[in-house]
Each structure stands twice: as structure tokens, then as C-alpha cells.
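Residue-level structure breakdown
Here is what each chain is made of, one letter per residue.
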Amino acid sequence: MRILNYGSLNLDYTYHVQHIVAPGETVASSGLEVFCGGKGLNQSIALAKAGASVFHGGMTGEDGDPLLEACRRSGVDSRFIRRIEGRSGSAVIQVERGGQNSIVLYGGANQANKPEFVDEALAFFEEGEWLLLQNEVNGLDYMIEKAHSNGLKIALNPSPFQEDILKCGIEKVSLLFLNEVEGEQLTKKTEPEQMIKILNREYPETAVVLTLGGAGAVYAAGGEVFLCPARKVEALDTTGAGDTFTGYFLAALTDGKTPRRCLEEAAAAAAIAVSRLGASASIPERSEVEKLLNDSPVR
Ligand code: RIB
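In this text the structure is predicted, and so the values were computed from the model without any measurement. (Residues numbered from 1 in each chain as written. Predicted model: local features only at pLDDT ≥ 70, side-chain atom pairs only at ≥ 80, totals over all residues. Heavy atoms only, no water.)

Observations regarding the packing of aromatic side chains
In plain terms, the rule: Note on aromatic contacts: the rings of Phe and Tyr and the six-membered ring of Trp form a pair at centre separations within 6.5 Å, being stacked when their planes are under 30 degrees apart, edge-to-face when over 60 apart, and tilted otherwise. Only runs of H or I of at least four residues qualify as helices and only runs of E of at least two qualify as strands under DSSP, and these elements are numbered from the N terminus. Exposed residues in this analysis have more than 50% of their type's maximum accessible area, buried residues have under 20%, and partly exposed residues fall in between, with area computed by a 1.4 Å probe over protein chains only.
Under the criterion given, the structure shown has eleven aromatic pairs. Each ring, one from Tyr219 and one from Phe249, has its centre 6.2 Å from the other, and the planes form 20 degrees; the classification is stacked. Of the two residues, Tyr219 sits in strand β12 (residues 217-221) while Phe249 sits in helix α7 (residues 241-254), which places them 30 residues apart along the sequence. Across this residue pair, the class does not change: Tyr219 and Phe249 are buried. Put simply, the rings of Phe177, Tyr219, Phe226, Phe245 and Phe249 touch in pairs and so form one group of aromatic residues.

Thoughts on a nonpolar patch on the surface
Rules: Grouping into patches uses exposed residues only, defined as over 30% relative accessible area, and leaves out salt-bridged ones; the cut-off is 9 Å for like charges and 5 Å for nonpolar side chains (Val, Leu, Ile, Met, Phe, Trp, Tyr). Only the protein chains shown count as cover for residues, with accessible areas throughout obtained via the Shrake-Rupley method and a probe of 1.4 Å. By definition here, a salt bridge exists when the distance from a side-chain nitrogen of Lys or Arg to a carboxyl oxygen of Asp or Glu is within 4 Å.
A cluster of nonpolar side chains, namely Tyr13, Leu32, Val34, Val92 and Val104, defines an oily patch on the protein surface of about 420 Å² accessible area. Relative to the helices and strands, Leu32 resides in strand β3 (residues 31-37). The class for Leu32 is partly exposed, based on a relative accessible area of 46%.

Focus on the site of the ligand
For the record, the criterion: The near set for a molecule or strand comprises every residue that places at least one heavy atom within 4 Å of it. Polar contacts, as counted here, are pairs of nitrogen or oxygen atoms within 3.5 Å of one another; within protein the pair requires one atom able to donate a hydrogen and one able to accept it, and residues that are adjacent in sequence qualify only if both atoms are side-chain atoms.
Close to the ligand lie 14 residues; Asp12, Gly38, Lys39, Glu136 and Asp243 are nearest. Asn10 is positioned with one of its side-chain polar atoms (N or O) 3.0 Å from an oxygen atom of the ligand. At 2.8 Å, a side-chain N or O of Lys39 approaches an oxygen atom of the ligand. Burial of the ligand by the protein chains amounts to 95% of its free accessible area of 280 Å². Elements represented by at least two residues in the shell around the ligand include exactly β2 (10-17), α1 (39-50) and β7 (101-106).

Examining the nonpolar core
Put simply, the rule reads: The term nonpolar core refers to a set of buried residues drawn from Ala, Val, Leu, Ile, Met, Phe, Trp, Tyr and Cys, joined through side-chain atoms within 4.5 Å. Throughout, a contact is declared for two residues whenever any of their heavy atoms are within 4.5 Å.
In terms of nonpolar packing, the biggest core is built from 46 residues, with Leu175, Phe245, Phe249 and Leu263 touching the most fellow members. Among the elements that make up this core, the one with the highest residue count is helix α8 (residues 259-274) (eight residues). Excluding anything up to four places from it in sequence, Phe245 contacts Val209, Thr211, Ala217, Leu263, Ala266, Ala267 and Ala270.

Here's the deal with the UniProt feature "binding site: K(+)" (unreviewed entry) in the protein chain
To keep things clear, this is the line we draw: UniProt positions are given in the numbering used here, feature names are shortened, and annotations may be inferred rather than shown by experiment.
The residues that UniProt annotates with the feature "binding site: K(+)" (unreviewed entry) are Asp237, Thr239, Ala273, Arg276, Gly278 and Ser282. In summary, the annotated positions, though distributed over 46 residues, converge in three dimensions, the widest C-alpha pair being only 9.3 Å. Looking at where Asp237 falls in the secondary structure, it is placed in the loop between β13 (224-228) and α7. Asp237 has contacts with Val95, Gly99, Ala273, Val274, Arg276, Leu277 and Gly278, leaving out every residue within four places of it along the chain. Side chain to side chain, Asp237 and Thr239 meet in a polar contact 2.5 Å long. Within the fold, Ser282 resides in the loop between α8 and α9 (286-295).

Some remarks on the UniProt feature "binding site: ATP" (unreviewed entry) in the protein chain
The positions UniProt marks with the feature "binding site: ATP" (unreviewed entry) are Asn179, Thr211, Leu212, Gly213, Gly214, Ala215, Gly216, Gly242 and Asp243. Mapped onto the fold, Asn179 is located in strand β10 (residues 175-179). If we skip the residues at most four places from it in the chain, Asn179 touches Leu210 and Thr211. Engagement of the side chain of Asn179 in a polar contact is seen with the backbone nitrogen of Val181, the distance being 3.1 Å. By the element assignment, Asp243 lies in helix α7. A relative accessible area of 7% means that Asp243 is categorised as buried. Leave out the neighbours within four places in its chain, and Asp243 touches Lys39, Asn42, Gln43, Ala46 and Asn157.

Laid out in C-alpha cells, this is it:
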């Protein structure tokens with residue numbers, strides 16, 4: 001089954017700092033690396049590494065060669081990526097000891113998507129195939145509407161969360177990926193059980209995957225709820241771990257695996273990703289995920 005992931009492509013300027021800079025403060029960094037990232041690109045690479053047939057849709061700027069090269073190297077089909085004048089999207093990322101990060105985004109080419117090009121990409125896909133979206137490109141409402149009327153199944157990771165997302169027709173989404181913070185922003189509740197209850201009530205056709213950091217991840221749909229515990233790892237850089245989770249989950253689901261197994265594979269992939277530096281650079285190969293699951297199965 002094919003997946004169109006229409007999303008952002010960013011150049012990530014990643015600074016290693018003792019602590020994340022406070023307002024008014026200046027800190028020195030111990031290193032700067034430029035990685036390929038963007039929630040969209042990271043999720044495409046995770047899908048491809050997990051073995052899915054993934055096409056990335058989106059826009060890069062004149063500086064987009066490394067982003068296209070990252071697609072090529074990891075087996076992501078880039079025929080629906082257009083290059084336009086100006087800059088690609090980018091991110092300034094501070095990573096502190098312990099792996100926590102802080103991100104400032106510049107939209108660049110990610111904000112220049114046009115309906116004609118979206119239509120061209122969507123027309124390549126058939127009823128029952130998947131469209132995956134995040135919230136770093138413009139035109140989500142149009143993409144959801146059009147993909148739904150074309151009979152595609154839609155997976156949405158509304159990250160970074162903005163209130164506007166509520167007007168995008170979430171009821172048309174088959175699979176919603178959220179972390180705890182986004183769950184709270186969407187439902188105004190702080191308890192995961194409450195979040196799930198509200199989401200399942202308001203969007204009865206939508207399966208919910210809620211990641212809870214150290215408390216694991218939950219799948220909830222049609223009255224079924226599964227929890228997969230988190231794996232204990234020493235975190236070096238959490239950037240892109242959620243994207244790794246999303247890509248591995250959707251790859252497993254479209255491969256016909258049970259939701260429980262999808263959670264296990266996604267959690268194992270994300271655990272490996274946080275132990276490495278970078279966003280797309282930290283996404284593990286499928287063989288590494290299988291090895292971890294074999295060597296230390298979920299109990
Ligand atoms: O989820 C991590 C990603 O968020 C980074 O790669 C950065 O580009 C931002 O989009």
C-alpha cells in the first residue's frame with residue numbers, strides 16, 4: 001500500500017548547549033551540526049526505513065539539495081517535491097545535556113504549497129491509500145478535504161499544534177497521532193484517560209495514538225485501548241523521536257500488523273532514535289528495530 005506524506009522539509013541548525021537559553025541570556029554552544037529534518041521529511045524517512053512505499057510531497061527552496069539527497073538515500077520517492085525560489089524551511093534547535101530540545105521554525109518553502117500542485121500529487125493515489133500530514137505546511141484544510149473526497153485514508157500528526165487545526169476537519173481523519181501536550185491543547189484535559197474519552201467521543205471514526213513520554217504510548221479506537229510501556233534509554237537528543245514513532249507506526253499498520261504490534265515497533269524505533277544525535281539522522285534501520293524487539297521483547 002502506498003503512502004503520500006505531504007509535509008515539511010527543513011534544514012536543522014542544531015546547537016549543543018549546557019542548558020536551553022533563557023530570555024535575555026547568551027550562551028555558548030559546544031557544537032553546531034546541520035541535519036536534514038522537518039517533521040514531514042523525518043516521518044517519510046522513518047516510513048521508508050520501516051519498509052513502507054512512501055512518496056514525499058512538498059516544497060524546497062534553492063538550498064534544498066541536501067533534503068532531496070536525504071530522500072534519495074533513504075528510499076523516499078521525491079517526484080512530488082517541487083523546488084521554488086527562496087529558502088527552504090529551517091529550524092534552529094538547541095539540544096541540552098539530557099537530550100531535551102527547543103526549536104524555532106522558519107517556514108520558508110513549506111508555506112508556499114498551492115492547490116494545483118497538491119491536486120497533482122493526490123491524483124496519483126487511489127482510493128484506500130494513505131495521506132499522512134503534519135502541521136508545518138500551509139493548506140492542510142484543503143489537503144484533508146480533497147484527500148477525503150478522493151477516498152484516501154488520512155493520518156494526521158497536528159504538530160506543532162495551533163488552534164487553526166480544529167477547523168481542518170479532524171472528523172475526516174482515520175488516524176490521529178498526538179503527544180500529551182497536543183492532547184491537552186486539543187481536549188483541554190490533562191489526564192490521558194480524559195483526553196482519549198473526549199477524542200473518541202468527538203471523532204468516533206478516528207483512531208487515536210497518544211504518546212506519553214516515559215509512560216509509554218496508547219492506541220484507542222472503537223472501544224479498544226492498548227498501552228505499550230516506554231523503553232528505558234539514555235537520551236542524547238530527542239529531536240525527531242516522535243516522527244520516528246509516527247513513521248514506524250504507520251508503516252506497520254499499512255503492513256497489516258495489529259495496533260499492539262504497531263505500538264511496539266514504533267516505541268522500539270523511537271527508543272533507538274533518542275539515543276542518537278539529529279532528527280532524520282537518528283532514525284534506525286528496520287533491522288535495528290527488529291534486533292531490539294528480539295533481544296528485549298515488550299513484557
Ligand atoms: O520533530 C522534529 C522536527 O521539528 C525537526 O527536524 C525540525 O525541523 C522541526 O520541524
